[in-house]
Amino acid sequence: MVTDFPLLRSVMMDSPAVTFTLAYVVFAVCFVFTPNEFHSAGITVQNLLSGWLGIEDTAFIQYHVRRTTATMMVHSLLPLGYYIGMCLAAPEKQLYYFYSASEGWRVFALFVVILPSITGCLALYWSWKKWTNHPLAQVLSHHALPQSDWTVVASSINREFRRIDKFATGAPGARIIVTDTWVMKVTTYKVYVAQQQDIHLTVTESRQHEMSPDSNTPVQFITILVASVNPNVRSFDIRLNSTEYGDLREKLRAPIRNAANVVIHQTLSDMFLDTFRSLVEANHVYELQSNRELEPCIGCMQTIANVKLVKYCHNANEGECRQCYCRPMWCLTCMGKWFASRQDQQHPETWLSSHVHCPTCRAKFCIVDICLVR
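Nothing here was measured: the structure is a model prediction, and the numbers come from that model.

## With respect to helix H10 (residues 150-161)
Taking 1.5 Å of rise per residue, the 12 residues of H10 would be expected to cover 16 Å, and the 16 Å separating its terminal C-alpha atoms lies within 8% of that figure. Within H10 the residues assigned to the buried category are Trp150, Val153, Ala154, Ser156, Ile157, Asn158, Glu160 and Phe161.

Right under this line is the structure:
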């Protein structure tokens, strides 16, 4: 179905209610999921209520106890904000008067009043007895010794969080923090906490993306399941860039089991080689003459040479590339490492489209010219 954009613009201009609805939905989604632009502009619960929340570095646990409560409360008020906005944008609907509104709007009005009332009662319950009933406090109480309470555990976490040697990564809505004793995941509404001595770590998934939106380079994300032997502590997943995997392992005491047999690329070169290999496999194939035999790769001497440089990117005298007349002397992995080593390390987004010289005869070639030998 083809959308009639002029008609849509006409409807939006004639109907302030439609315009307000679309604008408010976009605002609400961005306010809840908080893209970088909203963070930069300070349109977040943390920034708007910073005076009450305090400082994370000073009291990490107390900060997130208040933050999760405030986030739940503020987000529950978004439907009420929409209803009030519609009262102004569409006065003909008479939403100011409950019994004059349509049945659907009366149901929505009840919803926008009941939802923050419920979350308000829940927040009041959590804050009772100095936040003892808050879910995070309940989790910490399961880590406390019999003669202590959750505040002792909170103090221990606060001290370790203030140290500069902690491991921290991830977006604001899914941060991963690892200290000497604790593994934590901070999300919008919840904070997961597990003690290092009690956990089992398992790599469960890997996702390879050809391009990262931040750097325009290949990126791999791995998912690790954190399971505690303490039955009162829920398991949770942590997701991070494979280039940060080495730093994470250095901070963890428990070994990480690779149940999915995932190949983890810990460096940019590793990820490039994976992409390089897939592109070369899609190129033309070089047919080796029957009377010739392949020799070991002169780069590693461990694998039989299996690539040949043949100019396919342009006609004979066009472009930067030139025909290489060397026999197959390199394996695909060593050729990929040579290709990566000749690139500008500060601009990895240009690697796949660049040209390099043959390591033997110095003829210039690109990825399109690399052929697997058959």
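## Some details on the pairing of strand E2 (residues 174-178)
Within a regular strand, side chains alternate between the sheet's two faces. Pairing of strand E1 (residues 167-169) with E2 involves three bridges; the strand directions are antiparallel. In the strand pairing of E2, Phe167 is matched with Val178. Two successive antiparallel strands, E1 and E2, enclose a turn made up of four residues, where Gly170 displays a positive phi of approximately 105°. As paired elements, E2 and strand E3 (residues 182-187) share five bridges and run antiparallel to each other. Of the residues in E3, the one forming a bridge with Ala174 is Thr187. Between E2 and E3, which pair antiparallel in sequence order, lie three residues.

## A few points about the environment of Thr169
Position of Thr169 relative to the elements: it lies in strand E1. The class for Thr169 is buried, based on a relative accessible area of 13%. For the pair Thr169 and Cys121, spaced 48 residues apart in sequence, the C-alpha separation works out to 34 Å. Setting aside chain neighbours within four positions, we find Thr169 in contact with Ala174, Arg175, Ile176, Leu240 and Glu244. In terms of polar contacts, Thr169 uses its side chain to reach the side chain of Glu244, at 2.6 Å.

## Focus on the nonpolar core
Ranked by size, the top nonpolar core spans 24 residues in total, and within it Phe276, Leu309, Trp330, Met335, Phe339, Phe365 and Ile370 carry the most contacts. Breaking this core down by element, the ones donating at least two residues are helix H12 (268-281), strand E10 (307-309) and helix H13 (332-341). In terms of residue count, H13 provides more of this core than any other element does, six residues in total. Those residues in contact with Met335, other than ones at most four positions away along the chain, are Phe276, Val307, Leu309, Trp330, Pro359, Phe365 and Ile370.

## A word on H12
In this model, H12 (14 residues) spans 20 Å end to end at C-alpha, consistent with the 20 Å of a helix rising 1.5 Å per residue. Every buried residue of H12 is accounted for by Met271, Phe272, Leu273, Thr275, Phe276 and Val280. Looking at the packing, one finds that the buried side of H12 touches strand E5 (199-209), strand E6 (219-228), H13 and strand E13 (370-373).

## Focus on the packing of helix H6 (residues 60-76) against helix H8 (residues 103-131)
To describe two helices that pack against each other, one gives the angle between their axes and the distance between the axes. Running from amino to carboxyl end, H6 crosses H8 at an angle of 165°, the nearest separation of the two axes being 9 Å. Taken as axis vectors, H6 and H8 run roughly antiparallel relative to one another. In the crossing of H6 with H8, the sense of the turn from one axis to the other is left-handed. Counted together, Val65, Arg66, Thr69, Met72, Met73 and Ser76 of H6 and Leu115, Pro116, Thr119, Gly120, Leu122, Ala123, Trp126 and Trp131 of H8 form the full contact between these two elements.

## Comments concerning a nonpolar patch on the surface
On the surface, a nonpolar cluster with roughly 560 Å² of combined accessible area is contributed by Phe98, Tyr99, Leu110, Ile114 and Ile118. Along the chain, the position of Ile114 falls in helix H8. Ile114 sits in the partly exposed class, given a relative accessible area of 46%.

Rules of the game
Residues numbered from 1 in each chain as written. Predicted model: local features only at pLDDT ≥ 70, side-chain atom pairs only at ≥ 80, totals over all residues. Heavy atoms only, no water. Helix = DSSP H or I, 4+ residues; strand = E, 2+ residues; numbered from the N terminus. Expected span 1.5 Å × (residues − 1). Buried < 20%, exposed > 50% of the residue type's maximum accessible area, 1.4 Å probe, protein only. Pairing = 2+ DSSP bridges. Contact = heavy atoms within 4.5 Å. Polar contact = N/O pair within 3.5 Å; in protein donor to acceptor, adjacent residues only side chain to side chain. Core = buried A, V, L, I, M, F, W, Y, C linked by side-chain atoms within 4.5 Å. Axes fitted to C-alpha atoms, helices over the stretch in contact; angles between N-to-C directions. Parallel < 35°, antiparallel > 145°, perpendicular 65-115°, else oblique. Left-handed = near helix turned anticlockwise from the far one by under 90°. Patch = residues over 30% accessible without salt bridge, like charges linked within 9 Å, V, L, I, M, F, W, Y side chains within 5 Å. Areas by Shrake-Rupley, 256 points an atom, 1.4 Å probe, with all protein chains shown as cover. Salt bridge = Lys/Arg side-chain N within 4 Å of Asp/Glu carboxyl O.

Purely geometric numbers; function is a separate question.
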